[in-house]
Amino acid sequence: MTRRDAMARLAAWFASRGWSPLPFQKTMWRHYLAGQSGLLHTPTGSGKTLAMFGGPLLQALVDPLPRAPGARTGKTVPALQVLWITPLRALASDTARALREPLAALGLDWQVGLRTGDASARDKRLAREGRIDVLVTTPESLALLLSYPDTLERMRRLRCVVVDEWHELLGNKRGVLLQLNLRRLRDALPALQVWGLSATLGNLDEAREVLLPDVPDAPLVSGARPRPVKVETLLPAHGERFPWAGHLGLSQLQRVQQKLFAVGTSLLFTNTRAQAELWHQALSAVWPEDPATLGLHHGSLDPAQRRIVEQGLRDGALRCVVATSSLDLGVDFPAVDQVLQIGSPKGIARLVQRAGRARHRPGESGHIICVPSHALELVEYAAARRALAQGVIEARRPLRLSLDVLAQHCVSCALGGGFRADRLLAEVRRTHAFASLDDAQWQGVLDFIVQGGQALAQYPDFHKVVRDDDGVYRVHDRRVALRHRLSIGTITSDGSVMVQFMRGGRLGSVEEQFVGRLRPGDRFQFAGRLLELVRLENLTAYVKLARGGDGVVPRWQGGRLPLSEALGHEMERVLAAAPDSPEMHWLAPLLRLQARVSALPGPSLLLVESVRRREGQFVFVYPFAGRQVNEGLAALMAMRWTRVQANTFGYAANDYGFVLAPARAVEVDAVQVAALLQPDGLFEDLRESLNLGELARRQFRDIARVSGLLIPALPGRTPRSLRQLQASAGLLYDVLRQHDPGHILLGLAEREVLHEQLDLACLAETLRRCQARTLCVQHPATLGPLSFPLWAERLRGQLSNEDWKTRVLRAVGQLEKRHAD
């Protein structure tokens, strides 16, 4: 078939769906047919899947690959031609469905299969044998496939690798693992084309460089113009009492319910799984329709439960689904009419991504209804709208020198046929993540995979890879091979416990620490149900349905999203400007109160407040740098202050600022504060102000898991508990610190604490920004709208026989009475 005939056939299929190919889709097809690799950047819902898949389809029509006869039957069998990599299992199922749609109409008898943790045994077998034309998989499953010696041979006819939602992999270790395996594929298959698909990304050139480091002139295709996103805020009535602090937003329940029943189907996004459970529980209590029309979706639910909800969204059977980021990415749900966001999304890109879930069709505009949980979130909504109008979007910064991932990859290569050290080093250095890998670091990785390092050389369990007489590194022990394949991947989480009915299916998993506090007979809310714990056995919580009453909701660690740097900057601009949005008009009385008792911060002004209360002095600072950076600044400033005078400081932080609580009163003036916020000596002072050893010890557990230092339990054995993992990791950390202080994983743990947990670069930039601003030191007589949430945050760390909410509400009442007077 000629190229013109193939184009005509594809255009005819588009026409049968009532569509016509868009210019950027045709551009993509031309680049692909020319044999190029590159990056496509286009908004969610604009047709990027067909823009990408159209190229391989046209190639198959113009230049079909002859099918080879099967080894056993003699019948022709498929050969893998397109590998489609996606970051989410739910996205994998939806992508496979979309890729199958045009095949029959184009006369292609391609088979599209899945290879993820949720895939069927048949699909896993077909993927393993390479007997499938299009394989949709995840970075972890690709790494697993490549750990078998015959995989590259089975992939010899592979033409294209597509990395979907590249922006979600760019800034984490999953992306590093994928970089290594893409390099391996490209070296084995020189004609292989690699394309990345991305949306909502602020550093496109860098994203392309990370994906294709050796193709500097690779095409960067821009798709449709960004979908207009309308941000609507569910404002409280003027004069209505609305909290100054909080994060659940359940006071908005009635307004949310009215919005839900004004349309057909809605997605209601929360930022945490606990918040999703609480909102689902609250909506269930007032739901006037069939309870089956209200769904719940988050990453801790059993895959079968999630698939039921996803199908309900596709066919319009659900009226509302309460979800977390598990439904953020490009899953296609055309039946969704509106999206609501509970609380702040904490980032501009996340807001755009979630808005795109409604009316997920090319040409449709995005619309999101923001539901504030406390008053100051209105500033975040106004700032997000301003950022969208100006085209501001966050960048995703790639990781470098993640040696734990490299160690895992080396063991996979040793399993997958073996490797020579010099050749693998040259290959690894051609990735963006390891371009600066030096010889000493490489030798450290080799020593680690062979014997665990110097201190562990006497323990056979850490001897994974053998350097044979021919100079090739291989794995000979079958137990090592099995354990390694069981632990491939970089996703680490706190120890989890499976939740399962006594008679029936699984519901999902909760954290071990949460279940460990429960006793048989205790009730808890999970998976949209009220459950009673029957017994805990072998890291499985056996439960039954409870009737009546209520129960606690699990809390998952790491659930809070930090405010992005870009959104924080926009917030300062909005606060300093005249009210020009519905949110800021509503907030005007509250901001006038802040200005009356203290002052308003701004881009050129750093506000510092010193408040004396009966329980002591509190010093508030507002850099608007996000919780993570603000916590580092608080520890740094407290330590530097103790150099000036002997003292003890408590501190707390939120996204807007931090509070210091000195045991002895301190004098607060602009000169003093400026000296304490100097960027000079940051690294050394951070080491002194924070217990970096203890932070690195905690970080080491995840690094030990990824690198393979912590040995997983074999199938059929009792899984290891979180306490056992912590103890094992802690013991290994102490042994290495004492006997092998130069071990590559120790240095990696400290570097990750500094550059990822504390974000040293952002800390330094924030300090430089503070130095460039006018310091405004205020001494208000009482807490104000900005300081009160920080004061309330500090209460969480105090011991009391009253819960946090009770104490905060009492303080709110006292403040309201005082300011009313």
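Since this is a predicted model, take the numbers as computed values, not measurements. (Residues numbered from 1 in each chain as written. Predicted model: local features only at pLDDT ≥ 70, side-chain atom pairs only at ≥ 80, totals over all residues. Heavy atoms only, no water.)

A. A look at the overall build of the chain. Looking only at helices and strands, the chain has 32 helices and 28 strands in total. Among the 821 residues that make up the chain, the fraction classed as buried is 58%. Taking the contacts inside the chain whose residues are at least 6 apart along the sequence as the reference set, 74% of them involve residues at least 24 apart. Only carbon and sulfur atoms are counted for the fraction: they give 49% of the accessible area of the chain, which is about 34,200 Å². (Helix = DSSP H or I, 4+ residues; strand = E, 2+ residues; numbered from the N terminus. Buried < 20%, exposed > 50% of the residue type's maximum accessible area, 1.4 Å probe, protein only. Contact = heavy atoms within 4.5 Å. Areas by Shrake-Rupley, 256 points an atom, 1.4 Å probe, with all protein chains shown as cover.)

B. Local environment of the packing of aromatic side chains. Enumeration according to the criterion identifies 16 aromatic pairs in this entry. Geometrically, the ring pair formed by Trp13 and Trp19 is edge-to-face, given 6.0 Å between the ring centres and 85 degrees between the ring planes. Classification of Trp13 as buried rests on a relative accessible area of 6%. A ring pair is formed by Trp641 and Phe649, whose centres lie 5.7 Å apart and whose planes are at 25 degrees; its orientation type is stacked. Here Trp641 and Phe649 have matching classes, each one buried. Through successive ring pairs, a cluster of aromatic residues spans Trp13, Phe14, Trp19 and Trp29. Over the face of the ring belonging to Tyr148 we find Arg485, whose NZ or CZ atom lies 3.9 Å from the ring centre. (Phe/Tyr/Trp six-rings, centres within 6.5 Å; stacked < 30°, edge-to-face > 60°. Lys NZ or Arg CZ within 6 Å of the ring centre and 35° of its normal.)

C. Broad picture of the state of the cysteines. Going through the model one piece at a time under the given rule, you end up with zero disulfides. The thiol of Cys410 is not disulfide-bonded; the next cysteine sulfur, from Cys413, is found 6.3 Å away. (Disulfide = S-S within 2.5 Å.)

D. Structural view of helix H12 (residues 253–260). All of the buried residues along H12 are Leu253, Val256, Gln257 and Leu260. Mapping the buried residues of H12 onto a view down its axis gives an arc of 100 degrees, with all of them on the same face. Exposed and oriented more than 90 degrees from the buried face of H12 are Gln254 and Gln258. At its buried positions, H12 is contacted by strand E11 (266–269), helix H13 (273–286), strand E13 (320–323), strand E14 (338–342) and strand E15 (366–371). (Arc of directions from axis to C-beta.)

E. Quick look at the pattern of salt bridges. If you walk through the whole model with that rule in mind, you get 38 salt bridges. Across the pair Asp94 and Arg314 runs a salt bridge, and its minimum N-O distance is 3.0 Å. One end of the pair, Asp94, is in helix H4 (residues 89–100); the other, Arg314, is in helix H14 (residues 303–314), with 220 residues separating them in the sequence. On the accessibility criterion, Asp94 (7% relative accessible area) is buried. (Salt bridge = Lys/Arg side-chain N within 4 Å of Asp/Glu carboxyl O.)

F. Expanded view of the side chain of Glu532. The residue Glu532 is located in strand E22 (residues 529–537) in this model. The residues touching Glu532, leaving out its near neighbours within four places in the chain, are Gly521, Asp522, Arg523, Tyr542, Val543, Lys544 and Ala546.

G. Up close: the sheet that holds strand E9 (residues 220–222). Read from one edge to the other, the open sheet built from seven strands follows the order E5-E6-E4-E7-E8-E1-E9, with strand pairing classed as parallel. Every other strand in the sheet has two partners, leaving strand E5 (112–115) and E9 as the edge strands with one partner each. Sheet twist, expressed as the average angle between the axes of neighbouring strands with direction ignored, equals 20 degrees. Taken together, the four bridges between strand E4 (residues 82–85) and strand E6 (residues 134–137) define a ladder with parallel strand orientation. Residue Trp84 lies in a different strand from E6, and its bridge partner there is Val136. Across the sheet, helix H10 (residues 173–188) touches E4, strand E7 (160–163) and strand E8 (193–198), and the angle it forms with E7 is around 165 degrees. (Pairing = 2+ DSSP bridges. Axes fitted to C-alpha atoms, helices over the stretch in contact; angles between N-to-C directions.)

H. Quick look at the pairing of E22. In this sheet, E22 lies alongside strand E21 (residues 523–526) in antiparallel orientation, the contact comprising four bridges. Each residue of the ladder has a partner; that of Phe524, found in E22, is Leu531. Between E21 and the antiparallel strand that follows it, E22, lie two residues; Ala527 among them carries a positive phi value of about 55 degrees. Sheet topology note: the E22/strand E23 (residues 540–545) ladder contains six bridges and is antiparallel. What sits directly across from Leu531, in E23, is Leu545. Here E22 hands over to E23 after two residues, with Asn538 in that stretch at a positive phi of 50 degrees.

I. Geometry of the sheet that holds E15. Overall, parallel pairing links the six strands, which are arranged E10-E15-E14-E11-E13-E12 in an open sheet. At either margin of the open sheet sits one strand with a lone partner, and together these are strand E10 (229–233) and strand E12 (294–297). Here the average twist between neighbouring strands, direction ignored, is 20 degrees. Bridge count for E12 against E13 is four bridges, and the pairing is parallel. The residue of E13 that forms the bridge with His297 is Ala323. Against the sheet, H14 engages E11, E12 and E13, with an angle of about 130 degrees to E12.

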